[in-house]
Amino acid sequence: MTDNSILRLAIQRKGRLSEDSLSLIKESGIKFSNRTGKLKSKARNFPIEFLFLRDDDIPDYVADGVADIGIVGENVALEKSKKIDFVKKLGFSKCRLSLAIPKEIDYKGLSYFQHASIATSYPKILQGFLDKKNITADIHEISGSVEIAPSIGLASGVCDIVSSGSTLLSNGLKEVETILNSEAIIIGNQHLKEEKKSILDKLLFRIESVQKGKNGKYILLNAPNENLDKIIELLPGMRSPTIVPLADKNWSSIHSVINEDEFWEVIENLRNAGAEGILVVPIEKMIL
Ligand code: PRT
Ligand code: ZN
């Protein structure tokens, strides 16, 4: 009988997802032993158990309920097309699934792939894309080294994962269409018991706090009192900024939180509004 008081999380054992998945768990304050070679581990201070698996197997295990949730790339979750929930995007292991062709070909559009052969490890996602575009192609499913297929005469194009693009380049290929943008996600079993759901909610709350902390910066600055209103307007903050009087009674210190994305623009505007001694510090976690 399964133990409903513990949530089972499947993580990639070794590969591109492993390190960031484990860091996220650690940053969420969950402690566990992670000796290499171990296939299972229980957290010491949170009702969670880890299963370390090959990423391709994780959607199956989650669909079957052997694991309750798992961390995989969206590319793998979609290709396996299992009955699973897409619970949360995690923002790491970003890559794209793209179509690529020999670089000397003058590419004029998707019609290049009409009746062509395409090598890929992602036949389902590719078929779905081609169907939508009314293209009929011959899909060759291969499990690895997809990018060499054109040079050995196996296919006239490939559909593969691209990150920096250097693998395509070194195999004489160029990227011509993006089919999917992917990142790591949490997938979940569709029939989680209430008890497990509430553990998952606690975990998600922690993960969100870590993510918000990463996006936010704590900012401290000094401003002349006559410009305070103008400066406060420039700072979105969590609710409203903290204002502390300085020894010089014409000046105040302002503390707030700003978003990483708008960081440089805000700083520039603050300086123009007379802010001085601007200090920006990272936030470890942010609870809203
Ligand atoms: O052993 P296991 O089956 O668990 O691992 P795996 O070898 O199948 O997967 P792994 O660890 O390579 O990748 C896990 C996940 O990381 C993938 O499913 C993607 O979601 C994500 N990811 C991010 C990538 C890449 N970046 C990536 N660059 N997965 C693969 N690649 C490969 C790609 O296949 C190609 O060969 O890297 C090459 C391209 O990289 P660039 O930088 O040269 O473009
Ligand atoms: Zn794999």
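Keep in mind that this is a model prediction, so the values were computed, not measured.

### Concerning the coordination of the zinc ion (ligand 2)
- Protein-derived ligands of the zinc ion (ligand 2) are Asp 55 (OD) and Asp 56 (OD), with the metal-ligand distances lying across 1.9 to 2.1 Å.
- Coordination at the zinc ion (ligand 2) is irregular: its four donor atoms span angles of 76 to 169 degrees at the metal.

### Observations regarding the side chain of Asp 68
- As for its position among the elements, Asp 68 is in the loop between α2 (58-64) and β4 (69-73).
- Since its relative accessible area comes to 5%, Asp 68 is described here as buried.
- There is a polar contact of 2.7 Å between the side chain of Asp 68 and the backbone nitrogen of Arg 8.
- Only 2.8 Å separates the side chain of Asp 68 from the side chain of Lys 196, close enough to count as a polar contact.
- Setting aside residues no more than four positions away along its own chain, Asp 68 makes contact with Ile 6, Leu 7, Arg 8, Val 62, Ile 187, Gly 188, Asn 189, Leu 192 and Lys 196.

### A word on the layout of surface pockets
- Taken as a whole, the largest pocket spans an internal volume of roughly 1200 Å³.
- Around the largest pocket, the lining comprises 42 residues; the ones closest to its centre are Arg 16, Asp 55, Asn 75, Tyr 122 and Ile 161.
- Residue assignment for the lining of the largest pocket shows that the elements contributing at least two residues are α3 (74-80), α4 (123-132), β9 (157-162) and α5 (166-170).
- Examining the composition of the lining of the largest pocket, we find that five residues originate from one element, α3, more than from any other.

### Digging into the sheet that holds strand β14 (residues 251-259)
- Pairing in this open sheet of four strands is antiparallel, and the strands run β13-β14-β12-β15 from one edge to the other. Both edges of this open sheet fall to β13 (242-245) and β15 (276-282), since each of them pairs with a single strand only. Each adjacent strand pair in this sheet contributes to an overall mean axis angle of 20 degrees, direction not counted.
- Pairing of β13 with β14 involves four bridges; the strand directions are antiparallel. Note on β14: the bridge partner recorded for Val 244 is Ser 253.
- Contacting β12 (216-224), β14 and β15, helix α8 (residues 263-272) runs over the sheet at an angle of about 160 degrees to β15.

### Some words on a negative patch on the surface
- A surface patch of like charges, here negative, comprises Asp 261, Glu 262, Glu 265 and Glu 268.
- Position of Asp 261 relative to the elements: it lies in the loop between β14 and α8.

### Remarks on the sheet that holds strand β8 (residues 138-141)
- One open sheet holds the five strands; their spatial order is β8-β7-β9-β6-β10, and the pairing between them is mixed. Strands at the two margins of the open sheet, each flanked by one partner only, are β8 and β10 (173-182). Within this sheet the neighbouring strands show an average axis-to-axis angle of 25 degrees, counted without direction.
- With respect to the sheet, α4 is in contact with β6 (95-102), β7 (117-120), β8, β9 and β10, its orientation differing from that of β8 by roughly 165 degrees.

### Digging into α4
- Turning to α4, its buried residues number three or more, namely Pro 123, Ile 125, Leu 126, Phe 129 and Leu 130. Down the axis of α4, the buried side of the element spans an arc of 165 degrees, and every buried residue falls inside it.
- Packed against the buried residues of α4 are α3, β6, β7, β8, β9 and β10.
- Following α4 by one or two positions, Asn 134 adopts a phi angle in the positive range, close to 55 degrees.

### Re the side chain of Glu 49
- You can see Glu 49 is positioned in strand β3 (residues 48-53).
- Judged by its relative accessible area of 9%, Glu 49 falls in the buried class.
- Of note is the side chain of Glu 49, whose polar atom sits 3.0 Å from the side chain of Arg 8.
- Excluding residues that lie within four positions of it along the chain, Glu 49 makes contacts with Ile 6, Leu 7, Arg 8, Leu 9, Lys 40, Ser 41 and Lys 42.

### Things to note about unusual backbone geometry
- Phi at Ser 93 takes a positive value of approximately 50 degrees, unusual for a residue other than glycine.
- Checked against the element boundaries, Ser 93 lands in the loop between β5 (85-89) and β6.
- In this structure Ser 93 comes out as partly exposed when scored by relative accessible area, which is 22%.

### Here we look at α8
- Listed as buried for α8 are Phe 263, Val 266, Ile 267 and Leu 270. Here the buried residues of α8 occupy an arc of 100 degrees about the axis, which is enough to place them on one side. With respect to the buried face of α8, the exposed residues turned more than 90 degrees away are Trp 264, Glu 265, Glu 268 and Asn 272.
- The inward-facing, buried residues of α8 contact β12, α7 (228-234), β14 and β15.

Procedures and definitions
Residues numbered from 1 in each chain as written. Chains lettered and ligands numbered in written order. Predicted model: local features only at pLDDT ≥ 70, side-chain atom pairs only at ≥ 80, totals over all residues. Heavy atoms only, no water. Donors = N, O, S within 2.8 Å, 3.2 Å for Na, K, Ca; no water. Tetrahedral: all angles 85-135°; square planar, octahedral: opposite > 155°, others 65-115°. Helix = DSSP H or I, 4+ residues; strand = E, 2+ residues; numbered from the N terminus. Buried < 20%, exposed > 50% of the residue type's maximum accessible area, 1.4 Å probe, protein only. Polar contact = N/O pair within 3.5 Å; in protein donor to acceptor, adjacent residues only side chain to side chain. Contact = heavy atoms within 4.5 Å. 1 Å grid on protein atoms, 1.4 Å probe; cavity = no way out; pocket = protein on both sides within 12 Å on 5 of 7 lines; lining within 4 Å. Points joined across faces, edges and corners; volume = space filled by probe spheres on them. Pairing = 2+ DSSP bridges. Axes fitted to C-alpha atoms, helices over the stretch in contact; angles between N-to-C directions. Patch = residues over 30% accessible without salt bridge, like charges linked within 9 Å, V, L, I, M, F, W, Y side chains within 5 Å. Areas by Shrake-Rupley, 256 points an atom, 1.4 Å probe, with all protein chains shown as cover. Salt bridge = Lys/Arg side-chain N within 4 Å of Asp/Glu carboxyl O. Lys, Arg positive; Asp, Glu negative; His and termini not counted. Charge placed at Lys NZ, Arg CZ, Asp CG, Glu CD. Arc of directions from axis to C-beta.

By themselves these figures say nothing about function.
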